[in-house]
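Coordinate analysis (summary)
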Amino acid sequence: MTRTARAFTNIALIKYWGKKNKQWKLPYTNSLSLTLDRFYTDTKLTIIDSDKDIVSLNHKILNDQENKRILNYLDTVRKLYSFEDHFQVDTVNHVPTSAGFASSASGFAALAGAINETKQLNLNRQELSILARNGSGSASRSIYGGFVEWIAGDSNETSFAKPIDETPKIDLVLLSVVINQQSKKISSTNGMENSVKTSPFYPNWVTLVASELQEIKQAIAKKDLQKIGEIAEHNAMSMHALTLSANPSFTYFAPETIRIIQIVKELRQKGIFAYATIDAGPNVKIICTKESLEKVQTYIEQQLSNVNTVIANIGSGIQYI
Ligand code: PMV
């Protein structure tokens, strides 16, 4: 039995930052994202007659060290669904070279989908979101297209993503500005743990997310682009304030990250629609409209010579191919 699933990555407008339960990857807060069309993962799964899983990434077989996270995940799934089968997992990431996106969201969503199909588990999308979350928190949201909210919940069964609007008719485009493609020194898991344990502002973050979620959902319903941009940018900066206020402090920002944040503000002063959001790395994603996109891209390329930009539109949920 062989099946292939395709899942797209997503960008959080209200970030997930902090786990209240590590084993089940249960977050302290809900989060909200937009699925993107340019960056996706195809995962082909085959049941094999072996007591070991084989994993390849972009046509290269991974060694035991590189595999670890996927093998642990497959063990968890075998326990959860009480089966013994082992798999050959062939994963191809279609992330344009240097798009600056982490592939764990699309990767674990595609893997969860491929397991569901191959093992004929007949999971609905809520159950699939739970299965994906067990690989990577943000993967829970990549089961759906468009605007998606991940409900924090308080157990494995109650923590899953729900679609808000899978095909929004809204004029938003994302410009990813890539500064650095090296893998991050502080993983999101460690970054979250340090922030939760040592930032004096962490309790405020939990309160802030609750109010910004309400506001952004209203703005999405009203298609209030400016409000969506303002809330997303403020939420991202507040997340990064948790890293700077951790003890010892750390940051994912590079000097160019700060320069791009300044540029985004300069663009707004010129009346051009642009808002910044940043995940656990130095690259900046700029929320644009179709109208502002070209101006933003041109301005960035004029100001900074050593960056790449990649455009993404709104993407769809998981597919089987
Ligand atoms: O899913 P993880 O464990 O890679 O964490 C993702 C964390 C952020 O990208 C910074 C925020 C988010 O909600 O996607």
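Bear in mind that the values here come from a model prediction, so they are computed numbers and not experimental data. (Residues numbered from 1 in each chain as written. Predicted model: local features only at pLDDT ≥ 70, side-chain atom pairs only at ≥ 80, totals over all residues.)

A word on the overall build of the chain. In terms of regular secondary structure, the chain is built from eight helices and 14 strands. The C-alpha atoms of the chain give 19 Å as radius of gyration, which agrees with the globular expectation for 321 residues (20 Å, within 12%). Taken along its principal axes, the extent of the C-alpha atoms in the chain is 60 × 40 × 40 Å. Out of the 321 residues in the chain, the part that is buried amounts to 45%. The contacts in the chain between residues at least 6 apart in sequence include a share of 72% that link residues at least 24 apart. (Helix = DSSP H or I, 4+ residues; strand = E, 2+ residues; numbered from the N terminus. Rg over C-alpha atoms; globule rule 2.2 N^0.38 Å. Buried ≥ 20, exposed ≤ 12 C-beta atoms within 10 Å, placed from the backbone. Contact = placed C-beta atoms within 7 Å.)

This part takes up the nonpolar core. Side chains that are nonpolar tend, in soluble globular proteins, to be buried together. Counting 84 residues, the largest nonpolar core has Ala109, Val177 and Ile286 as the members making the most contacts within it. The residue makeup of this core includes at least three contributed by each of domain 1 (2–169) and domain 2 (173–312). Sequence-distant contacts of Ile286, that is, excluding residues within four places in its chain, are made with Leu175, Val177, Val264, Ala274, Ala276 and Val296. (Core = buried A, V, L, I, M, F, W, Y, C linked by C-beta atoms within 7 Å. Domains from an automatic or database assignment.)

Taking 1.5 Å as the rise per residue, helix 1 (residues 64–80) with 17 residues should run 24 Å; its terminal C-alpha atoms sit 23 Å apart, in good agreement. The largest bend in helix 1 amounts to roughly 35° and is located at Ile70. Taken together, the buried positions of helix 1 are occupied by Ile70, Tyr73, Leu74 and Val77. Considering only its buried residues, helix 1 is in contact with strand 5 (54–57), strand 7 (86–94), helix 2 (104–118) and helix 3 (125–133). One or two residues past the end of helix 1 sits Ser82, with phi positive at roughly 45°. (Expected span 1.5 Å × (residues − 1). Bend = angle between axes of the 7 residues up to and from the residue.)

On to the packing of helix 5 (residues 202–222) against helix 6 (residues 225–244), then. It is the contact of helix 5 with helix 6, at a shortest axis distance of 10 Å, that shows an interaxial angle of 165°. Classed by the angle they form, the pair helix 5 and helix 6 counts as roughly antiparallel. By crossing handedness, the relation of helix 5 to helix 6 is classed as left-handed. Where helix 5 approaches helix 6, its residues Tyr202, Trp205, Leu208, Glu212, Glu215, Ile216, Ala219 and Ile220 are matched on the opposing element by Lys227, Ile228, Ile231, Asn235, Ser238 and Leu242. Each residue belonging to the contact of helix 5 with helix 6 can be placed in one class, and the counts come to nine nonpolar, two polar and three charged. (Axes fitted to C-alpha atoms, helices over the stretch in contact; angles between N-to-C directions. Parallel < 35°, antiparallel > 145°, perpendicular 65-115°, else oblique. Left-handed = near helix turned anticlockwise from the far one by under 90°. Nonpolar A, V, L, I, M, F, W, Y, C, P; charged D, E, K, R; others polar.)

Further remarks concern the site of the ligand. Near the ligand you find 13 residues, and of these Ala12, Tyr16, Ser138, Ser188 and Asp279 are the closest. Each residue belonging to the shell around the ligand can be placed in one class, and the counts come to four nonpolar, seven polar and two charged. (Near = placed C-beta within 6 Å.)

On average, residues of the chain score 95 in pLDDT, and 97% of them reach the 70 mark or higher. Across the interfaces of the predicted complex, the ipTM metric reaches 0.99, alongside a pTM of 0.96. (pLDDT = per-residue confidence, 0-100.)

Let us now look at the packing of helix 2 against helix 3. Close contact between helix 2 and helix 3 brings their axes to 8 Å; oriented N to C, the two are set at 125°. Relative to helix 3, the element helix 2 lies oblique. The element helix 2 and its partner helix 3 pack so that their crossing is right-handed. Between helix 2, through Phe108, Ala109, Ala112, Gly113 and Asn116, and helix 3, the contact on the second element is made entirely by Leu128, Leu131 and Ala132. Of the residues assigned to the contact of helix 2 with helix 3, the class counts are six nonpolar, two polar and no charged.

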